[in-house]
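# Notes for the structure review
Spelled out from the first residue to the last, the chains are:
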Amino acid sequence: MRSTRPVMSERREAQRPRIGVIGAGVAGLSAARRLADAGLEVTVFEKSRGLGGRMACRRRDGLQFDHGAQFVDADAPALQDLLAAARSQGLAADWTEAAREAQRYVVGVPGMNAMCRPLADGLDIRFDTEIRTLRRAGSGWAIGSAGGDVHVDRVILTIPAPQLPRLEMELDPETRDALYGVRFAPALALMVAFEERPDWPAIQRTPPAPFALILRDSSKPGRPGDAECWVAHADEAWSRRNVELDRPEIGAALLSELEAAMAPLPPSRAVMGHRWRYSQATQPLGRAFIASGCGTLLFGGDWALGDRVEHAAESGRAMAAAILAETE
Ligand SMILES: Cc1cc2nc3c(=O)[nH]c(=O)nc-3n(C[C@H](O)[C@H](O)[C@H](O)COP(=O)(O)OP(=O)(O)OC[C@H]3O[C@@H](n4cnc5c(N)ncnc54)[C@H](O)[C@@H]3O)c2cc1C
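As a starting point, this report considers the structure included with it. (Residues numbered from 1 in each chain as written. Predicted model: local features only at pLDDT ≥ 70, side-chain atom pairs only at ≥ 80, totals over all residues. Heavy atoms only, no water.)

### Here's the deal with the site of the ligand
The line we're drawing: Residues are classed as near a molecule or strand on a simple rule: at least one heavy atom within 4 Å of it. All accessible-area figures derive from a Shrake-Rupley calculation using a 1.4 Å probe, and residue coverage is judged against the displayed protein chains alone. Each helix is a run of H or I in the DSSP string that is no shorter than four residues. Each strand is a run of E no shorter than two, and both are numbered from the N terminus. Residues are grouped as follows: Ala, Val, Leu, Ile, Met, Phe, Trp, Tyr, Cys and Pro are nonpolar; Asp, Glu, Lys and Arg are charged; all remaining types, including Gly, are polar.
Lining the immediate surroundings of the ligand are 34 residues, of which Glu46, Arg54, Phe71, Asp302 and Arg308 lie closest. Contact with the protein chains covers 95% of the free accessible surface of the ligand, which is 1,000 Å². Of all the secondary structure elements, the ones that give two or more residues to the shell around the ligand are α2 (26–37), β17 (268–283) and α9 (309–327). Broken down by class, the residue content of the shell around the ligand amounts to 13 nonpolar, 13 polar and 8 charged.

### A closer look at the pattern of salt bridges
Quick note on the threshold: In the sections that follow, a salt bridge refers to a side-chain nitrogen of Lys or Arg positioned within 4 Å of a carboxyl oxygen of Asp or Glu. For every residue, the accessible area (1.4 Å probe, protein chains only) is compared with the maximum for its type, and the residue is labelled buried under 20%, exposed over 50%, or partly exposed between those bounds.
Applying the stated rule across the entire model yields 18 salt bridges. The salt bridge involving arginine 154 is made with glutamate 326; its shortest N-O contact spans 3.1 Å. Placement of the pair is arginine 154 in strand β12 (residues 154–157) and glutamate 326 in helix α9, with a sequence separation of 172 residues. Put simply, glutamate 228 and arginine 216 hold a salt bridge, and the shortest N to O gap is 2.8 Å. Taken together, the residues span a long stretch of sequence, with glutamate 228 in strand β16 (residues 228–234) and arginine 216 in strand β15 (residues 211–216) at a distance of 12 residues. You can call glutamate 228 buried: its relative accessible area is 9%. A relative accessible area of 10% means that arginine 216 is categorised as buried. Salt bridges linked by common partners bring Asp66, Asp217, Lys220 and Arg223 together as one network.

### With respect to the packing of α2 against α9
Inclusion rule: Helix axes are fitted only over the stretch in contact, all axes being lines through C-alpha atoms; the angle between N-to-C directions runs from 0 to 180 degrees. In this scheme, a crossing is called left-handed if the near helix is turned counterclockwise away from the far one by less than a right angle; it is called right-handed if the turn is clockwise. In what follows, a contact means two residues having at least one pair of non-hydrogen atoms within 4.5 Å.
Running from amino to carboxyl end, α2 crosses α9 at an angle of 35°, the nearest separation of the two axes being 7 Å. Here the hand of the crossing between α2 and α9 comes out right-handed. Seen from α2, the contacting residues are Val26, Ala27, Ser30, Ala31, Arg34 and Leu35; seen from α9, they are Val309, Ala312, Ala313, Gly316, Arg317, Ala320, Ala321, Ile323 and Leu324. Looking at the contact of α2 with α9, its residues break down into 11 nonpolar, 2 polar and 2 charged.

### Structural notes on the nonpolar core
Inclusion rule: Grouping buried Ala, Val, Leu, Ile, Met, Phe, Trp, Tyr and Cys residues that are joined through side-chain atoms within 4.5 Å yields what is termed a nonpolar core. Domain limits in this description derive from either an automatic procedure or a database domain assignment.
Among the nonpolar cores identified, the biggest contains 61 residues, and Leu29, Leu35, Val42, Met55, Val72, Met115 and Ile156 are the most heavily contacted of them. Counting residues domain by domain, this core receives three or more from each of domain 1 (10–49 + 127–182 + 284–327) and domain 2 (57–116 + 183–282). With residues up to four places along the chain from it excluded, the contact list for methionine 115 reads Met55, Val72, Leu82, Leu83, Ala86, Leu91, Ala92, Val106, Val107 and Gly108.

### Observations concerning the environment of phenylalanine 65
Secondary-structure assignment places phenylalanine 65 in strand β4 (residues 63–66). What makes phenylalanine 65 buried here is its relative accessible area of 0%. Between the alpha carbons of phenylalanine 65 and proline 173 there is a distance of 41 Å; along the sequence they are 108 residues apart. With near-sequence residues (within four places) excluded, phenylalanine 65 lies in contact with Ala56, Cys57, Arg58, Met191, Val192, Ala193, Asp217, Cys229, Trp230, Val231 and Met272.

Structural data, given as structure tokens:
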């Protein structure tokens, strides 16, 4: 635990609530950081091998691509603490090649997920741990994975709302209806490394159809080597039509769309595809989180307030504040 943690009396130490946080994206880590700093016993469960969730970075054969979130808004109030910490540790920097007059972009260094590291510092995070069940256990909860149950007093869930039905748990009808009302769009992504640099701007925010975004990942600060790594996200309509393609098919199909839209393309040395079945919320919850189980089960994430990293941070911190308000 970090040295900034307040000293607690022995009695409070013995009583301190145990909190389980599901998901090590920005929302889960923002909540966990705040609760751990306040002296609560926090365990984070993450089904993948790393931090960041949809702030994701794919590495292969010396090439690297951010294939989820591309940048954050440098001026978003909810991100200022995180950005200051990440910048001071060399884990975030301005993406000057893409900056426009009214908007400054910040990216993680060396990849987008690196920006989350200051939040995770010193936390107990169980990677490769997919939570499958959530059952009442006394006044708390048993969080179940293939490795067995962990008992906690409160649970924060930051899984994208449409994925919650995969979890075996009982929900009251009001919470279930609110969660199932949240809608997401899919997004399919192309990652391509060219042999030469194409004559395109570092970022195209209104590219030709069927793309929503085309950008030169290699123009971000602190990227490795001199590769020409580009990322292109398909727009919502194309992504919905092609959502069942597998990764190689997505890569091939989007590369031929890129050829049609932007010809001529330089020769490519690596092509990959990725499917975000639940990319960003098109219909958010409309409040920072929703609580159930007498306030012991809290659901949040970017989708609670919007569709961006700052919404995830805000939701995570609001859930932590709600727990602290009740337990202090
Ligand atoms: C293609 C794309 C482009 C985007 N571009 C931008 C952008 O440029 N700027 C911006 O601000 N935002 C962007 N976003 C949105 C941004 O990525 C999200 O708002 C933010 O990362 C969401 O954080 P979160 O913590 O709420 O959710 P997530 O990052 O999704 O975190 C949830 C975590 O829960 C884990 N998990 C899920 N189920 C389980 C389980 N059963 N057990 C354990 N762990 C589980 C997941 O592995 C994941 O790590 C983009 C998103 C996508 C997909």
